[in-house]
Structure formats: structure tokens, C-alpha cells
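Residue-level listing of the chains:
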Amino acid sequence: MCGIAGFATTGAGVSPETLHAMRQTLTHRGPDEAGTLYDGAAGIAMRRLRIIDLAGGRQPIANEDESVWVVCNGEIYNYVELRAGLESRGHRFRTKSDTEVLVHLYEEKGEDFLAETNGMFALAIWDRPRRRMLLARDRMGEKPLYYRHEADGRLLFGSEVKAIRAAIPSDPGVDEEALHHYLTLQYAPGDLTLTKGVRKVLPGEILAWEEGGIRRRRYWDLEMKASFQGTRREAEEEFRRLLKDACRIRLRSDVPLGLFLSGGVDSSGIVAAVRSIHEGPIQTFSVSFTESSFSEAKWAAAVARQYGTEHHEIPVTPEVLADLPRMVASLDDPLADVSTVPTWYLSRETRRHVTVALSGDGGDELFAGYHTYVADRIARALSNPLGRALRGAASLFIRSLPVSDKKIAFEFKARRFLKGAGLPRLLRHAYWMGAFDEEEKRALYGGAARPYDTAAFLESLAPAGRAEGFLSRTMLLDHKGYLPDDILAKVDRMSMSHALEVRIPYLDPRIVKFASSLPPRWKLRGFEKKSFMKSAFKDWLPSSIRHRKKQGFSIPIGPWFKGPLKGLLEDALSEKSIRDAGLLDPAPIRRLVAEHLASRANHGYLLWNLLTLHLWRAAAKPWPGRAS
């Protein structure tokens, strides 16, 4: 695990001092050691967090004749098996590192070298003889990789945008299309970032730079079509087998390892799977809140008792949010998911005990765990004339209800549902999980329209031909957008800000392929979310865990904005601050703040979106770049 950075150019290269500066912006990701290969017109660098082969394994790593060099952020979980095959074919290894298999695979297979890998990674390979720089990212997007391809052909890249910022002399400004989509989705989707000119390497993508030009291609892409041949019971057995093996190879570590445990079915299933293959001590970690509707601590404690883990409970209170500006800076690109806050503290406290943690993320996207999947079925039932009339009557009733700050308040969910029910289907799914609609965004722009279409962008992310049925297409959209650009981005940034490696068994490529082959009706049965997973875990988890109401991982941001965070909110979203940022019109934002503070509406999530954006912009404006 580490942070990587580098460049390639046909002209004047980046100076050694600038490459060093790029590398040093990533020290938090890899505090243990640093390494650099400077080759004049190209360079690769890394900061390392030692996980496997502590004494060796220093990067960059080369093949036998040093014609191919690699830096890799992440882990190749099946490196033991890959190495055995490579050695049998005559390759010689210098280290015991998982990263070293990559240069030998590249020697054999060229740009097809990732086909057999099972891992989470973002990597760069410098092929000296061909003067070729390859960038690649894991299939699901667990590890980030950004790049900037300039007009003169120069390529800059890094694990975080700040590494690229260190090599350019001035602030390039905000990407308006990314901002437009961020305001609805709460993240920049696809290859977009809010920093103009900086793009993401996509999950499952290879980017090749040669002679100043780049070409991008997918080495893997997801398809969600029911093709499983067998009974449901056979499928459940196969799922349990795959999950245990995914956990087995993710337990490979030369440093202490623990498990995140929320008390939900996903993370509890990971604890059960690990306990079935591991007899030694297990440490588990969860967060708690004083607000009962937000806390899952009692459920996590129950699972910890069942499986005999050494459990750590971490309280999160509004007082700790003095760290909020640092959290936003750690995000690198704005991400308005309030669960970044508990993830930050969970990661910080977990790192005090272990260096690696297993997480239960991915289960909702694989097995239909979100409320929005059910909401879509309800919205379709109300799409006829009678249903639209009922929606109108319900809207009048909902407006009469008092505003609630509870996490799962009926009033809040009903308002959100009714407002989004008439939108195009993919857009409404994203809106229900997001923030502003198109009309609200126009108001934020001062009434002016922008030439961007969030609905069309979502359609391009999840083409109808790659999914069978609308439920599968919606889940495909979450795999292409919400999962890599929100959930996985959050986990990576918050954990790596504390030099904690997080591994996600559900995103093992074998499990992803398997889950994508299951009939959608097994996943969402009527209104029962994650039906297949709950049934598969019936011998592992009690009914009270499998069938309890989903809470999600959040914070009581609504009441906190009216209490301990009121001063921060009013300062960050003051008229002067908004005008100084130069992105949006102050008037509608000040109206949202006033309505929320007066309890006339619960705008907590909308205000968090805007607060995150403006804290990010304030931190980004003092540009730390340097001339090359």
C-alpha cells in the first residue's frame, strides 16, 4: 500500500526536485519509506506503507534486466499463486513482494498482463525500451489514480490530485461539468474531477502513453445478466465458498490486521467468514453516536460477542469536528458523503491497533441493499394517472408534517421520494441518494442554465445493453458511479489519511462476476432487500441481524448544524465566503441556511454538499504548485 506519482514527456522533463515534491504530497499514504526512478524524460515515485515483505519490497521494482519498472499502490492478493507460475516459467525474483509479479507478468503478456490478477491497485509501469508509460487501475476502482495530459504531450499522474498540483504552477480552476454533476450526485462521476484538466483513470482501465499521445482501453468491464446455472441453494453454497476464499487471501499480511464491524449484515458476514477460516484472535472496530437513531453499536457488539472478537467501540461526537477542514482536505476532490466523518474516526482509532482492516463495503451494490431499489418499484406503480393523483395528495399531506432530524424519519424520506418520483429513472435513483435537482441547481447558478445533462451522463455510465432488466441496470449504475466515486473514494481517502490499508472481500472479482450472474429476483424479493445474502448467511448470523432495518453509516448532521456546527456553517457559507469562492449565487444558499436553522426544513444533506464544496475550494485556492 502506498501513494504513487510520476510523469512522462517527449520534451523538457519534470525536474528531480519537482518529482520529489509530487512524491512528498503522498507521505500520509506511505509513511514507512520512499523510492524514485528518474529517467530524464520520465519518472516514477512512491511512498510506501509496508504490509508484505517488510524488509524487502522497496519500490520502484524492476524485472531481471531493469528494462521494466513498476510502482503500485495496493495489493495483488493472489501473488503467491502467480509467482509460482512465473518461477516455473523461468522468471527470477529479487523480493518476496506482491508487487514484483507485475513486471514479470508484463514481460510475458504485454498490456494483457492484468487478466489473471486479483487485487486492488493503481499502478504505473515504465517500459524503458519502448519509452512507454502504462497506468492501470483495479477492476472495481478501490484504489485511485489521477492524470493530467497536457497540450505539449506531457503526462502527470498521481494517487491524489495534490501530487499533480505539485507539478503545475497555477490553479487551473474548477471543471464546470464536474461541478454540475457533483451538486446532484455528491461526487464527480466517471473520469471527471472538479480540478480542471485532471482526470481519473477509470476502474478496469489501462492508459498507455507513448510519444506524447495517450490511448485508453478497458481490460475489464462489468455486465449484469442472469446466467447462473443451478438452484438457489447451490448458489448460496457457492457464495459462501467464494467469500471465505476472498477473506483467506485478504488475510495475507506481515502486519496486524482487524475488521470493521457496523452490525449490519454485510460486515457481520465478513466476521463470520473470517472466523470460519481463522482460529486466532480477531479484533473488530465500530463507531457509536449518542443519538440513538444513528447508532448501530449494540448490533455490532452482539456480533462481536457471538464470534468472540476483541471489540473496540469508537464514539463520534460533534466536538471532534474541529478536524473537519483536515478531513475535507484529505478528500482531495469534493465528496459530500456525510459518512466520511465516522469513517475518518473509525480509521484513525483502528490504525492505533492494526495496519490493515477488512471492510464489508460492496454488498449493497452486489445484492440490492439500497432503499432506492424498493423506491423505484413504488414509483413505477404510481406512474399512471391515478398514481400521479395519489402522489399529489400525498405531497400535500407530507408538507403538513413537522420537520424531523431523525436519521430514518418518514417525513424526510417521503419528501425526497415524492420530489424525485417524476424524474427519469436513472436520474431519480441518483437523486434519491444525492442532493440538488436540476431546478435547484439552476437557482444556485443565479438562474442561468448550464450546458450539462446529469441524466444523460448517467445513461452513458450504465448502457442498457450491459444489464438485464432495470433493477440490474440501476445496480450497474451504482457499480460504475456511486461505488467507485463515493463509497470506495471515501474509504480510501479517510483510511489512507491515517496510513490504514482497507481490504474489501465482497469486491473480489470472482464474487463480483458471480453476483452479477444471479437472477435479480433472488436479490430483491418483493420489497425485501438483499434477500439472497440474508438467506445465504442464515447459518452464520441470527435473524435479528439479518433482518433488522438498514440504517446506513451516517451522522446526525441536521441537528449538529443547528447546534455545535452552527458557527462553522454560517462562516463557511456566509455571503462573503460564497462570493470569494466564485462558484455559486449566495442568495439561494443563504435561504437554505436560514430555513434549516429555523427548523422550517431539514436541509442537512444539501448544506453538507455546499459546505464540503466551499471548504475544498478555500483549501485549493492557495495553489502549492511549482514550475517544472
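Provided above is the structure to which this section pertains.
Residues numbered from 1 in each chain as written. Predicted model: local features only at pLDDT ≥ 70, side-chain atom pairs only at ≥ 80, totals over all residues. Heavy atoms only, no water.

(A) Just the pairing of strand S9 (residues 155–158), in detail. With burial as the criterion, each face of S9 is covered, one bearing Leu 155 and Phe 157 and the other bearing Leu 156 and Gly 158. The pairing of strand S1 (residues 2–8) with S9 spans four bridges and is antiparallel. Across the sheet, the residue bridging to Ala 8 is Leu 155, located in S9. Note that strand S8 (residues 146–149) and S9 share four bridges and pair antiparallel. Bridging across to S9, Tyr 146 finds its partner in Gly 158. Here S8 folds back onto S9, and the loop between the two strands holds five residues, one of which, Gly 153, carries a positive phi near 95°. (Buried < 20%, exposed > 50% of the residue type's maximum accessible area, 1.4 Å probe, protein only. Helix = DSSP H or I, 4+ residues; strand = E, 2+ residues; numbered from the N terminus. Pairing = 2+ DSSP bridges.)

(B) Seen up close, the packing of helix H6 (residues 232–250) against helix H7 (residues 265–277). The interhelical angle for the contact between H6 and H7, taken along N-to-C directions, is 75°, at an axis separation of 9 Å. By the criterion of interaxial angle, the relationship of H6 to H7 is roughly perpendicular. Facing H6, whose interface residues are Leu 243, Lys 244, Cys 247 and Arg 248, H7 presents Gly 269, Ile 270, Ala 273, Val 274, Ser 276 and Ile 277. (Axes fitted to C-alpha atoms, helices over the stretch in contact; angles between N-to-C directions. Parallel < 35°, antiparallel > 145°, perpendicular 65-115°, else oblique. Contact = heavy atoms within 4.5 Å.)

(C) Main features of the pairing of strand S2 (residues 33–38). Where S2 lies against strand S3 (residues 42–48), six bridges are found, and the strand directions are antiparallel. Across the sheet, the residue bridging to Ala 34 is Arg 47, located in S3. Where S2 folds back on S3, the antiparallel hairpin that results is connected by three residues, among which Gly 40 adopts a positive phi of roughly 75°.

(D) Broad picture of helix H15 (residues 425–432). Among the eight residues of H15, seven are classified as buried, and the element is accordingly described as predominantly covered. Among the residues making up H15, those that are buried are Leu 426, Leu 427, Arg 428, His 429, Ala 430, Tyr 431 and Trp 432.

(E) Region of interest: the sheet that holds strand S11 (residues 205–210). One open sheet accounts for six strands, arranged S4-S5-S6-S7-S11-S12; its pairing is antiparallel. This sheet does not close on itself; its edge strands, each paired only once, are strand S4 (61–62) and strand S12 (213–218). Contacts from helix H3 (residues 100–109) reach S4, strand S5 (68–76), strand S6 (119–127) and strand S7 (132–137) within the one sheet, and its direction differs from that of S5 by about 125°.

(F) View of the nonpolar core. Grouped together as the largest cluster of nonpolar side chains are 127 residues, with contacts concentrated most on Phe 239, Leu 243 and Phe 537. Among the elements that make up this core, the one with the highest residue count is helix H28 (residues 604–620) (nine residues). Not counting the four nearest positions on each side in its chain, Phe 239 is found in contact with Phe 367, Tyr 506, Ile 511, Phe 514, Phe 532, Met 533, Ala 536 and Phe 537. Core analysis: the second largest hydrophobic core is formed by 30 residues, Cys 72, Tyr 79, Phe 121 and Ile 206 among them. (Core = buried A, V, L, I, M, F, W, Y, C linked by side-chain atoms within 4.5 Å.)

(G) View of empty space enclosed by the protein. With the rule as written, the count across this model stands at seven cavities of 30 Å³ or more. Its volume calculated, the largest cavity comes out at about 180 Å³. Every residue lining the largest cavity is counted, 20 residues in all, and those nearest its centre are Tyr 146, Lys 200, Asp 485, Ala 489 and Arg 493. In terms of residues, the lining of the largest cavity owes the most to one element, helix H19 (residues 482–496), which gives six residues. Class assignment for the residues of the lining of the largest cavity results in eleven nonpolar, one polar and eight charged. (1 Å grid on protein atoms, 1.4 Å probe; cavity = no way out; pocket = protein on both sides within 12 Å on 5 of 7 lines; lining within 4 Å. Points joined across faces, edges and corners; volume = space filled by probe spheres on them. Nonpolar A, V, L, I, M, F, W, Y, C, P; charged D, E, K, R; others polar.)

(H) Structural view of the packing of helix H5 (residues 176–185) against helix H17 (residues 454–461). In contact at an axis separation of 10 Å, H5 and H17 are set at 90° when each is read in the N-to-C sense. When the axis of H5 is compared with that of H17, the two are roughly perpendicular. On H17, the residues that touch Glu 177, His 180, His 181, Thr 184 and Leu 185 of H5 are Thr 454, Phe 457 and Leu 458. Here the contact of H5 with H17 is built from residues that sort into three nonpolar, four polar and one charged.

(I) A look at the layout of surface pockets. When its volume is computed, the second largest pocket comes out at roughly 250 Å³. Together, 19 residues line the second largest pocket, and Leu 202, Pro 203, Arg 218, Leu 461 and Lys 480 are the ones closest to its centre. Where the lining of the second largest pocket is concerned, the elements lending two or more residues are H17, helix H18 (470–480) and H19. Looking at which element gives the most residues to the lining of the second largest pocket, the answer is H17, with three residues.

(J) A look at the pattern of salt bridges. According to the stated counting rule, one finds 57 salt bridges in the structure shown. Between Arg 425 and Asp 376 there is a salt bridge, and its shortest N-O distance comes to 3.0 Å. Taken together, the residues Arg 425 in helix H15 and Asp 376 in helix H12 (residues 371–381) connect sequence positions 49 residues apart. Residue classification places Asp 376 among the buried residues on the basis of a relative accessible area of 8%. Shared partners join several salt bridges into a network, and the residues in it are Arg 29, Lys 143, Glu 160, Lys 162, Asp 332, Asp 492 and Arg 493. (Salt bridge = Lys/Arg side-chain N within 4 Å of Asp/Glu carboxyl O.)

(K) Broad picture of the packing of aromatic side chains. Tallied over the full model, the rule gives 18 aromatic pairs. Geometrically, the ring pair formed by Trp 522 and Phe 532 is stacked, given 6.3 Å between the ring centres and 5° between the ring planes. Taken as a pair, Trp 522 in helix H21 (residues 520–523) and Phe 532 in helix H22 (residues 531–536) lie far apart in primary sequence, ten residues in all. In terms of burial, Trp 522 and Phe 532 fall into one category: buried. An aromatic cluster is defined as three or more aromatic residues linked by ring pairs; in this entry it consists of Phe 228, Phe 239, Phe 367, Phe 514, Trp 522, Phe 532, Phe 537 and Trp 540. (Phe/Tyr/Trp six-rings, centres within 6.5 Å; stacked < 30°, edge-to-face > 60°.)

(L) Focus on the sheet that holds S1. Across the sheet, six strands lie side by side as S2-S3-S1-S9-S8-S10; this open sheet has antiparallel pairing. Bordering the open sheet on either side are S2 and strand S10 (199–200), each of which pairs with just one other strand.

(M) Molecular detail of unusual backbone geometry. The amide bond that connects Gln 59 to the next residue, Pro 60, takes the cis arrangement and shows omega of 0°. Structurally, the position occupied by Pro 60 is in the loop between S3 and S4. Positive phi, close to 55°, is recorded for Glu 211, a residue that is not glycine. Here Glu 211 falls in the exposed class, since its relative accessible area comes to 75%. One non-glycine residue, Lys 530, adopts positive backbone phi at about 50°. Residue position: Lys 530 is located in the loop between H21 and H22.

(N) Local environment of the environment of Arg 348. Tracing the chain through its elements places Arg 348 in helix H10 (residues 340–351). Using a relative accessible area of 27% as the deciding quantity, one classes Arg 348 as partly exposed. In the structure, Arg 348 is positioned 249 residues away from Leu 597 in sequence and 31 Å away in space, judged by C-alpha atoms. The residues touching Arg 348, leaving out its near neighbours within four places in the chain, are Asp 323 and His 498.

By themselves these figures say nothing about function.
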